[in-house]
Every structure is written in structure tokens, then in C-alpha cells.
Amino acid sequence: MSTRTQSTRPPAPRTGRGSSRTNATRYRVARWVGIGVLVALVVAVIAVVVRDPAATDRAPRAADGEVVAPSGVGPEGSIAVGDGPVTVTIYFDYLCPACGAFEQANGETLQQLLLAEDVTVDLRPIAFLDHLSEGTEYSTRSANALATVVDADPDHAWSFHRALYAHQPPEGVEGLTDDQLAGIAHDVGVPSEVTALFAEGRHEGWVAQQTTRAFASGVEGTPTILVDGKPFAGDPYEAGSLASVVGQPAP
Amino acid sequence: MTLQAARRGADGARQGPGRARSRVRGAWLAMLLWSAASLVASFVLAAEAVTLAGNQDAVFGCDINAVVSCGTVGSSWQASVFGFPNAFLGLVSEPVVLTLAAAGLAGVRLPRWMMLTAQAGYTLGLALAYWLLHQAIFHIGAVCPWCLLVTVATTFVFVEMTRINVLEGNLPLPRAARRFLEEVIHHRLDLLATAVWLCGILLLLVTRYGSALFG
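Rules of the game
Residues numbered from 1 in each chain as written. Chains lettered and ligands numbered in written order. Predicted model: local features only at pLDDT ≥ 70, side-chain atom pairs only at ≥ 80, totals over all residues. Heavy atoms only, no water. Disulfide = S-S within 2.5 Å. Buried < 20%, exposed > 50% of the residue type's maximum accessible area, 1.4 Å probe, protein only. Helix = DSSP H or I, 4+ residues; strand = E, 2+ residues; numbered from the N terminus. Expected span 1.5 Å × (residues − 1). Bend = angle between axes of the 7 residues up to and from the residue. pLDDT = per-residue confidence, 0-100. Contact = heavy atoms within 4.5 Å. Core = buried A, V, L, I, M, F, W, Y, C linked by side-chain atoms within 4.5 Å. Pairing = 2+ DSSP bridges. Axes fitted to C-alpha atoms, helices over the stretch in contact; angles between N-to-C directions.

Q: I tried to follow the state of the cysteines on my own but got confused; where do I start?
A: Put plainly, a disulfide is one covalent bond tying together the sulfur atoms of two cysteines. Evaluation of the coordinates by the stated rule reveals two disulfides over all chains. A sulfur-sulfur distance of 2.4 Å marks the disulfide that ties Cys96 of chain A to Cys99 of chain A. Because the torsion about its S-S bond is 95°, the bridge between Cys96 of chain A and Cys99 of chain A counts as right-handed. Relative accessible area serves as the criterion here: at 4%, Cys96 of chain A is assigned to the buried category. Shown here is the disulfide that connects Cys144 of chain B with Cys147 of chain B, its sulfur atoms set 1.8 Å apart. Given an S-S torsion of about 75°, the disulfide between Cys144 of chain B and Cys147 of chain B has right-handed geometry. Residue classification places Cys144 of chain B among the buried positions, given a relative accessible area of 2%. Its relative accessible area of 23% is what places Cys147 of chain B among the partly exposed residues.

Below, the structure is given as C-alpha cells:
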């Protein structure tokens, strides 16, 4: 287009307004520069989308992408604690404030039920709040830490689980570091050769898989509490409400 | 086009009245459509805000993953900067802009003070939209599709409104600045700049979130 107008343009600029023509040229140049920038941006966008297999903000881990289930978990990835007749399944994210509230209200009750061998607690850690810990992916790292303990030192899984809630960070801050998680585990009796594995992130792929699976199976948020596979009917945030799941005749 | 530009008289870059008028009509129409889009998005966001107020853990159709999530963005404090959901601002302001655009499209010559007030108000709206986008990208860590539609629509309404105010000579600008803006519009550099700007934002989004944006 510019070449055509160039050729039909009168050869000499108008008298007195010599800048008019240079102006027009300047704007035409600006247009082509603009189009060039636009094309470069579009190419850059396409390149980023095509090249980038997944969004990763944090430093990559050795086991990235690999799905390694901790030993001893059930076929659906359930972490069974205790051996009672009633199964209480809990889907949770260690960063989720409502899960912390549930633990406050019913953690001690579950502990008593476990001691009395009335229930089996089926822990389902998932990680869907990773974006709320300033890029440190606390949900994934804490769930991985639990999985690591389940794999290597299952006897301490329950107390570690409770200790993680006792130290639960709020949403929107950096969360606890792997070292801090190791410290918490160490305090409940997990040996340091196990806690040293946290930073490897061995089970992070499994946590991701569990998260996808949970949402695919109809979990809509956390905590989701099932009693023998059916949604818990009581108020999960009422202190001791879970005590009602035992001692009742099966329907 | 350029030939005409070269033939322009001593008055500089004033365009023929017919061309300027059709440019203005096009701008009114675009403003009408984009403000309608922004209104729809505001309505959806306002409805979501009401749902979220009743149920903190409500899940929406646009909660696609950790990165694209209306719920996450909607429950942030930034979503109610002034103590009520931001979308309510869109619900009260976009119909005004929509009405102005419809009137302009119908050929009404709106008084200068009205257009200047609209420009001032919408500039504030644009600032809010981009502050929110910045918060969503860098602090909330998630984006929501309807919020992005509001950002894009607000940008276009602002550009169209500014174009009308330049072409109709409403803005109190020095002559040289006005001439410059008229040339910019004449060469469609305003549209090009908008496209570059929006592509830049898209690039920022994809580099920060990668393909997670698309599912």
C-alpha cells in the first residue's frame, strides 16, 4: 500500500508545509514499527505456550512429574490410620483454613476414637491451594512430607499429620520451608534420615495425581469428610461432632 | 489516504468532515459493544460475589484450575476494594457509558462537559481495572476469565471514548498535541498501540502461568 501511494504522490511537497510529507512518512514508519512489534509479541506468545509444558515457578525437583506412591497406601491412594470398623475418610489440603478448623474441632475426637479402635481414619491429602503460598507450593510440599513419612515411618504418620495442623500457616504467605517441615516431623519422632527426604519431593507427582483423582471423584472442596463412603451428615466444625459416627446401629 | 494527507491545507491534519464523522460513528459503535461486554462480565462477577458471600467454598464454572479460578480471585480482599464487590461499580457505570454510546450512535451531539466527565470517570475505571489485573497476576496468583474480559473491554471503551473526544475536539489540549493525536488516529496508530498493549499483557500472562492458563 505504501509503495502505491508513493508512486501516485506528487513529487514535490506542498509549499510552506514541507513537514507535512515528512510527517506522513514518520507516521507510516511508526505504523510499520508497531506492526513489527505486534507480530513479534504474537510470535513470543505462541512460542511460550508451545514450549512451556507446565507452569513452574519454583525450583524443579529431582522427582518432578514422576508418580511414586508411598508404600502401604490403598489402591485409591488412601492412607489408613488405625483399624476400627468405621472408616472416616478425610480429603484435606494442609493450607486450607477450613481443614484447620475441622482439625481443631474434631482432631482430638478422632484421636480418642482411634485409641478406642472404633474407627479407621483414611487420610487423603490433596494439593489445590499451591497458588496461595507465594510460589512455594506449600500444599504440595506438606502433602509430600506426609507421604514420605507414611512411606518410611508410618507409625508416626498420624501424629505428624496433627502436628502439621498445629503449625498451619495462613493462606497468602510463604508457608513453612522443607526444613521447618522436617523440624516438625522430627519433634513427633520421625527420624532425621526420613525427614531429610522431604526436600527431594519424591511423592509430589503422586500428590498431584491424588488431587486430580479426588476432584474427578466428586470432591468439591476441603475438608470433605466421608463416613463409610457417605458424606458426613454432621457439622464438621462443631467440636466433637464426629463422635456421633460410632455407637450408632448401622442403617 | 496518504495522498489526501499530503493535500491537506495550511490548517494541518484536519480530516474531511465526512471521514471524521464516519470515524466517530465507528467509535461510538465499538464503545457500545465493548461497554455491553463489560456490563455482561460485571453482571456475572456480581452474581458470583453474591454466591460467594453466601458460601465461601462455592465452586464456579470458571474455576478451571489453580491458575484460572474465579473463586480464588473473587474471595480475595482486592475483589472488594471499597468494601463491596468491585463488579458493582461496573454494574452502575457501564449502563451510563452504554447509554452515552447509544445516544452518540443515534447522532446526538453530547455536550462537552458530559463527555469530559465521562472521560474523567472512565479514566479512573481504567486505573482500577489495571490495578486489579496487577494484583491478580502478582499477588493473588490467579486470574479469572470474566475479570480479564472486563480489563479488555474497559481498555477498548477507554480508547474509543478518547478517540471520540479527540476527533470532536472536546479535550482541552494544546493545538500541537491535538494535531498529533488526530494524526495518530488518522493512521490508526491508536488501534495498533492498543493491540500491542493487549498482546504484551497476554505475553505476561503466558510467561507467568504458562499453558496452565488453557486447562
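Don't stop here, the text continues.
Q: Would you take a moment to explain helix H4 (residues 87-105) of chain B for this structure?
A: In an α-helix there are 3.6 residues to a turn, and that puts residues three or four apart on one side. Residues and elements named next belong to chain B. In this model, H4 (19 residues) spans 26 Å end to end at C-alpha, consistent with the 27 Å of a helix rising 1.5 Å per residue. Of all the bends in H4, the greatest reaches close to 25° and is centred on Ser93; the proline Pro95 follows between one and four positions later. The positive-phi residue at the C-terminal boundary of H4 is Gly107, with phi of around 100°.

Q: Can you help me understand the confidence of the model for chain A in this one?
A: In regions of low pLDDT, the predicted coordinates are not meant to be interpreted in detail. Taken residue by residue, chain A gives an average pLDDT of 81. The fraction at 70 or more is 84%. Low pLDDT (under 50) marks residues 54-60 of chain A, which in the prediction has eight contacts with non-local residues, meaning those over four places away or in another chain.

Q: Looking at this model, I keep getting lost on unusual backbone geometry. Mind explaining?
A: Keep in mind that most residues, glycine aside, have a negative phi and that most peptide bonds are trans. All names here are of chain A. Cis geometry is found at the peptide bond from Thr222 to Pro223, where omega equals -10°. Within the secondary structure, Pro223 sits in the loop between helix H8 (204-216) and strand E4 (224-227). Phi is positive for Glu117, which is not a glycine, with a value near 55°. One non-glycine residue, Glu137, lies in the positive phi region at around 55°. The topology assignment puts Glu137 in the loop between strand E3 (119-125) and helix H4 (138-152).

Q: Which parts of the structure should I look at to understand the nonpolar core?
A: As a rule of thumb, soluble globular proteins bury nonpolar side chains together. By size, the foremost hydrophobic cluster in this structure holds 51 residues, and its most contacted members are Ile90, Val119, Val121, Leu123, Phe160 and Val245 of chain A. Here this core takes seven residues from H4 of chain A, the largest share from any one element. The next biggest cluster of nonpolar side chains, apart from the first, holds 18 residues, and it includes Val24, Trp28, Val97 and Leu100 of chain B.

Q: Help me out: how do you make sense of the sheet that holds strand E1 (residues 79-81) of chain A in this one?
A: One key point about sheets: their strands pair by backbone hydrogen bonds, in either a parallel or an antiparallel sense. Residue and element names in this part refer to chain A. One open sheet accounts for five strands, arranged E1-E3-E2-E4-E5; its pairing is mixed. Strand pairing shows two members of the sheet lacking a second neighbour, E1 and strand E5 (230-231), which therefore form its edges. Across two bridges, the pairing between E4 and E5 is antiparallel. Looking across to E5, one finds that Leu226 is bridged to Pro231. Most of the contacts of helix H5 (residues 157-166) go to E3, to which it runs at about 55°, and overall it touches E1, strand E2 (86-92) and E3.

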